[in-house]
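Architecture and fold: a report
Next come the chains, spelled out residue by residue.
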Amino acid sequence: MALLQSSELTTASTFLNESSQITDQIGNAFVLNLYARIREIEALARTMAALAETLPVDRHLVRQVMPPLLNFQNDRAIAGGGVWFEPFAFDPNRERQGFFWGRNAAGHLQFFDDYNQSEAGYHQEAWYVVGKCASPGQCLWSKAYMDPHSCELMITCTAPAYRQGSFLGVVTVDLKLEGLQNTVNLWQKKTGGYIVVLDYGNQFIAFPKPEWVKKTQTHASGKLTESFMTLQELVEKKPLFSPLLKAVQLAEEQTFRRLQNLPASSVETVPNLSAETEEISLEDEQRLVAILADPWGRGDRTDYLRQKFELEQDELLQEMAIASLFHVPEVYWKVFIVKPRSEITAATHSLIHADKMATLGQMVAGVAHEVNNPLNFVVGNLSHVSSETEDLLRILQLYQAHYPEPPEGIQQAIASADLAFIAEDLPKLIRSMKMGADRALEITQLLRNFSRLDDANRRTANLIQELENTLIILSHRLKSKRDRPAIQIVKNYQPIPDINCYPGLLNQVFMNLLVNAIDALEDITKSKQNHQTEDFCPTIWIRTKLIDETNVQIEISDNGPGISPERQSRLFEPFFTTKPRGKGTGLGLAICRQIVEQRHGGTLTCRSSPQSGTTFIVQLPLVMISESSCA
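Residues numbered from 1 in each chain as written. Predicted model: local features only at pLDDT ≥ 70, side-chain atom pairs only at ≥ 80, totals over all residues. Heavy atoms only, no water.

1. Concerning the overall build of the protein chain
Note the cut-off: The secondary structure listing takes helices from DSSP runs of H or I that are at least 4 residues long and strands from runs of E that are at least 2 residues long, numbered from the N terminus. Throughout, a residue-residue contact means that at least one pair of heavy atoms, one from each residue, lies within 4.5 Å.
Of regular secondary structure, the protein chain possesses 20 helices and 22 strands. Across the protein chain, contacts joining residues at least 24 apart in sequence account for 65% of those joining residues at least 6 apart.

Here you go:
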């Protein structure tokens, strides 16, 4: 594992510093989003604690007032919660008095009295023991666990309650992990890799393959229950995850070093937690002491990246990857974002490619503009030359009509210059020059459109016109050559409405797909096996159609050699290419898919079989959704 601590990021390789900036931004944004949810639940727990501190000692009042508050606008991710009093603090004649509510099958909060009736009680529960050590207003989170009532995986937020300076008890809010996993899944789509969330004890809260990190246990009641493994337990089964464990261990060492530098008063009041309950191990006790003292401080910042390192082989991605470890403030959770190195590299090359295309676009647009000005001058003057030439020829004809027998010197000059041919050919030459100049003007205009500088802005565009523009730019490659006949273009343009898009980026897609088709057709005409069919006609078909009320489709097909199923499965992988070394980078189709799917919310697929040609299918929405939703 090549480990890069945050203090060493400035000396890290340029590749890691530059290519994963977007991942770092996504990671920090995800932590902020997660932290916002954590603080929301903590605010609820503190509010309930404040209410418990001020309510009169009345069981019926507590049971009446607390549930509407705990319901939290019917937030179904909140599985339940309760108020748990110290022995004899609520009723001098009653040692245990807890008020707990959990959601029933209908989703309504239901009161349960189990904890008050059980032999063990709740005072030795880890969440209660830790809550006794918290400062007023401080919230602590449990490790992930299986709830015995609902048999759902969840996590508990605990807040202490005090009355007149004396510890009164704790308030808890239980949060379903299913809701957190859904949030992780949404953010995971933006990373191009996967996200892992661990609690303070390095037990999994979220993992892309939950079945990998779940284990079955027998509850005291005899029921089989599930819980999440720790990262250490997963590494024992799947050693390729060991770099993540080493990163976590290093992060904890850094936390403990910071803890030692705090004033002694920050930690000396914490009791021996492992002696209070069997549920807290010596390792967890050390971690909880750190959380209570909070050596990293509150989360009012925007950079939570702690480490970044390379993985030679990732277990899930089955390729080289880059992992980033983020710290979630106050709760001391850990968040890993693991992204395939190939995708990061492709993204980097995509940015470089986009920058080159932007520079090239500016240059081409500038050249086209410079050429356009003199061409306009030529075209404008050719119309005058044509008119004035016609006037001169008409005058010459009048001279010939009135003076049919000019002097001998003039007759010799007329014969030498072949005046009759000039009178017939000159208008043709001028018309030909005007046609050529008009064509040159059209091409410069197409170049300006194709290399337009408004790629950064979405606008409506006519895709059929964009395809036509691209074909004109590629017209030189479609002409016949010494080793192959001309490539035929068959157009089947069904009417489609203009779409909201980035026209310049889609031009790149059309250009790339057409160039790939041309390359394939050139390869097949050069191969010996196809010379046995002399009447082979290399052809590209372009079809457009409206799929439904919201989507359009563009198909680009060729009758080239086709692609084997093995190669098709890797076709859109960055750097995978079927072309000879030096002819292709293998990034073209990867960038095309990124443009179509991530920038436009569409799809790019391939349909092919050996010796049967290839079809690329681009589907695009008429109205783009936001890019964040596409990512």
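Moving on, there is more to tell.
2. Some remarks on the packing of aromatic side chains
For any pair of aromatic rings, the description rests on two quantities: the centre-to-centre distance and the angle between the ring planes. Going by this rule: In this scheme Phe, Tyr and Trp rings, the latter by its six-membered ring, pair at centre separations within 6.5 Å, and the angle between planes marks the pair as stacked below 30 degrees, edge-to-face above 60, and tilted otherwise. For a lysine, the NZ atom is tested; for an arginine, the CZ atom; a charge sits over a ring if that atom is within 6 Å of the ring centre and within 35 degrees of the ring normal.
If you walk through the whole model with that rule in mind, you get 24 aromatic pairs. Clustering of aromatic rings is evident, with ring pairs tying together Trp84, Phe100, Phe112, Tyr115, Tyr122, Trp127, Tyr128, Tyr162 and Phe167. The ring of tyrosine 502 is capped by arginine 599, whose NZ or CZ atom sits 4.6 Å from the centre of that ring.

3. Remarks on the pattern of salt bridges
Proximity of charged atoms lets side chains of opposite charge pair with each other. Using the following cut-off: By definition here, a salt bridge exists when the distance from a side-chain nitrogen of Lys or Arg to a carboxyl oxygen of Asp or Glu is within 4 Å. Relative accessibility thresholds used throughout: buried, under 20% of the residue-type maximum; exposed, over 50%; partly exposed, between the two (1.4 Å probe, protein chains only).
In this structure the tally under the stated criterion is 20 salt bridges. The shortest N-O distance in the salt bridge between arginine 287 and glutamate 252 comes to 2.8 Å. In this pair, arginine 287 is assigned in helix H11 (residues 282-293) and glutamate 252 in helix H9 (residues 242-260), connecting sequence segments 35 residues apart. With relative accessibility at 11%, the residue arginine 287 sits in the buried group. Residue classification places glutamate 252 among the buried residues on the basis of a relative accessible area of 12%. What you see here is one network of salt bridges that share partners, running through Lys143, Glu252, Asp284, Arg287 and Lys334.

4. Regarding the packing of H9 against H11
The condition is simple: Axis lines are fitted to C-alpha atoms, over the contacting stretch for helices. Their N-to-C directions set the angle, which ranges from 0 to 180 degrees. Oblique is the label for any angle not covered by the other classes, which are roughly parallel (under 35 degrees), roughly antiparallel (over 145) and roughly perpendicular (65 to 115). In this scheme the crossing of two helices becomes right-handed for a clockwise turn of the near helix relative to the far one and left-handed for an anticlockwise turn of less than a right angle.
The interhelical angle for the contact between H9 and H11, taken along N-to-C directions, is 55 degrees, at an axis separation of 10 Å. Taken together, the axes of H9 and H11 lie oblique to each other. Here H9 runs over H11; the crossing is left-handed. For the pair formed by H9 and H11, the contact residues are Glu252, Thr255, Phe256 and Leu259 on the first element and Gln286, Arg287, Val289, Ala290 and Ala293 on the second.

5. Points about the pairing of strand E15 (residues 333-340)
What counts here: The rule for pairing is simple: two strands pair if DSSP sees at least two bridges between them.
Counting buried positions along E15 gives eight out of eight residues, so the element sits mostly inside the fold. Side chains Trp333, Val335, Ile337 and Lys339 project from E15 onto one buried face, and the interleaved Lys334, Phe336, Val338 and Pro340 project onto a second face that is buried too. Sheet analysis places strand E9 (residues 194-198) next to E15, joined by five bridges and oriented antiparallel. Looking at E15, one finds that tyrosine 194 is bridged to valine 338.

6. Some remarks on the side chain of aspartate 174
Heads up, the rule is: We count Lys and Arg on the positive side and Asp and Glu on the negative side, and we leave His and both chain ends out. Between N or O atoms, a polar contact is any pair within 3.5 Å; within protein, one atom must be a potential hydrogen donor and the other a potential acceptor, and residues adjacent in sequence are included only when both atoms are from side chains.
Turning to its location among the elements, aspartate 174 is positioned in strand E8 (residues 166-176). There is no salt bridge for the buried aspartate 174, and the closest opposite charge comes from arginine 103, which lies 10 Å off by N-O distance. Side chain to side chain, aspartate 174 and tyrosine 145 meet in a polar contact 3.3 Å long. A distance of 2.6 Å separates polar atoms of two side chains, one belonging to aspartate 174 and the other to threonine 156. Every residue in contact with aspartate 174, bar those within four places of it in the chain, is listed here: Ala77, Ile78, Ala79, Gly80, Gly81, Phe100, Tyr145, Met154, Ile155 and Thr156.

7. Description of helix H17 (residues 503-526)
Quick note on the threshold: To estimate how far a helix should reach, multiply one less than its number of residues by 1.5 Å.
Taking 1.5 Å per residue as the helical rise, H17 with its 24 residues ought to reach 34 Å, and the 34 Å between its terminal C-alpha atoms agrees with that figure. Burial within H17 is extensive, with 21 of its 24 residues counted as buried.

8. Here's the deal with the pairing of E8
Among the 11 residues in E8, 10 count as buried, and that is most of the element. As judged from the seven bridges shared by strand E2 (residues 78-85) and E8, these two strands associate in the antiparallel manner. Residue glycine 82 lies in a different strand from E8, and its bridge partner there is threonine 172. Across 10 bridges, strand E7 (residues 153-163) lies against E8 in antiparallel orientation. Among the inter-strand pairings, proline 160 is bridged to a residue of E8, identified as valine 170. The turn joining E7 and E8, which pair antiparallel and follow one another in sequence, is formed by two residues; a positive phi near 55 degrees is taken by glutamine 164.

9. Some remarks on the packing of H17 against helix H19 (residues 588-599)
Selection criterion: In the scheme used here, Gly and all other residues not listed as nonpolar or charged are polar, with Ala, Val, Leu, Ile, Met, Phe, Trp, Tyr, Cys and Pro taken as nonpolar and Asp, Glu, Lys and Arg as charged.
Contact geometry of H17 with H19 gives a least axis separation of 10 Å together with a crossing angle of 145 degrees. Once H17 is placed against H19, the crossing between them reads as left-handed. For the pair H17 and H19, the contacting residues are Leu505, Gln508, Val509, Asn512, Leu513 and Asn516 in the first and Gly588, Leu589, Cys592, Ile595, Val596 and Arg599 in the second. Taken together, the residues of the contact of H17 with H19 break down into seven nonpolar, four polar and one charged.

10. Observations regarding the confidence of the model for the protein chain
Stated formally: pLDDT gives the predictor's per-residue confidence on a scale running from 0 to 100.
Per-residue confidence for the protein chain gives a mean pLDDT of 81, with 82% of residues at or over 70. The secondary-structure element of the protein chain with the lowest mean pLDDT is helix H20 (residues 627-630), recorded at 43, while helix H8 (residues 231-237) shows the highest, at 96. Under a pLDDT of 50 for its full length, residues 3-16 has, in the predicted model, 30 contacts with residues more than four places off or in other chains. Of the regions scoring below 50 in pLDDT, residues 528-532 engages in four contacts with residues more than four places distant in sequence or in other chains.

11. Focus: a nonpolar patch on the surface
The following threshold applies: Residues enter patches when they are more than 30% accessible in relative terms and free of salt bridges; like-charged ones are connected within 9 Å and nonpolar ones (Val, Leu, Ile, Met, Phe, Trp, Tyr) within 5 Å. Using a 1.4 Å probe, accessible areas were evaluated by the Shrake-Rupley method; residue-level cover was limited to the displayed protein chains.
A contiguous nonpolar patch, built from Ile395, Tyr399 and Tyr403 and spanning about 370 Å² of accessible area, is present on the exposed surface. Checked against the element boundaries, isoleucine 395 lands in helix H12 (residues 341-402).

12. Some details on unusual backbone geometry
Although it is not a glycine, tyrosine 332 sits at a positive phi angle of roughly 60 degrees. Note that tyrosine 332 resides in the loop between strand E14 (321-328) and E15. When its relative accessible area of 8% is taken as the criterion, tyrosine 332 is described as buried. Not every positive phi belongs to a glycine, and aspartate 418 is a case in point at roughly 55 degrees.

13. Observations regarding the sheet that holds strand E22 (residues 614-621)
If you walk across this open sheet you meet the five strands as E17-E19-E20-E22-E21, and the pairing is mixed. On the outer flanks of this sheet lie strand E17 (488-493) and strand E21 (603-608), each paired with one strand and no other. Put simply, the sheet's adjacent strands are angled 15 degrees from each other on average, direction ignored. Of the strands in this sheet, E17, strand E19 (539-546), strand E20 (551-558) and E22 are in contact with helix H15 (residues 463-473), which crosses E17 at around 175 degrees. Taken strand by strand, H19 contacts E21 and E22, and its axis lies near 135 degrees from that of E21.

14. Side note on the state of the cysteines
This is how it is decided: When two cysteine sulfur atoms lie within 2.5 Å, the pair is treated as a disulfide.
Under the criterion given, the structure shown has zero disulfides. Cysteine 139 forms no disulfide, and the closest cysteine sulfur to it belongs to cysteine 157, at a distance of 4.2 Å.

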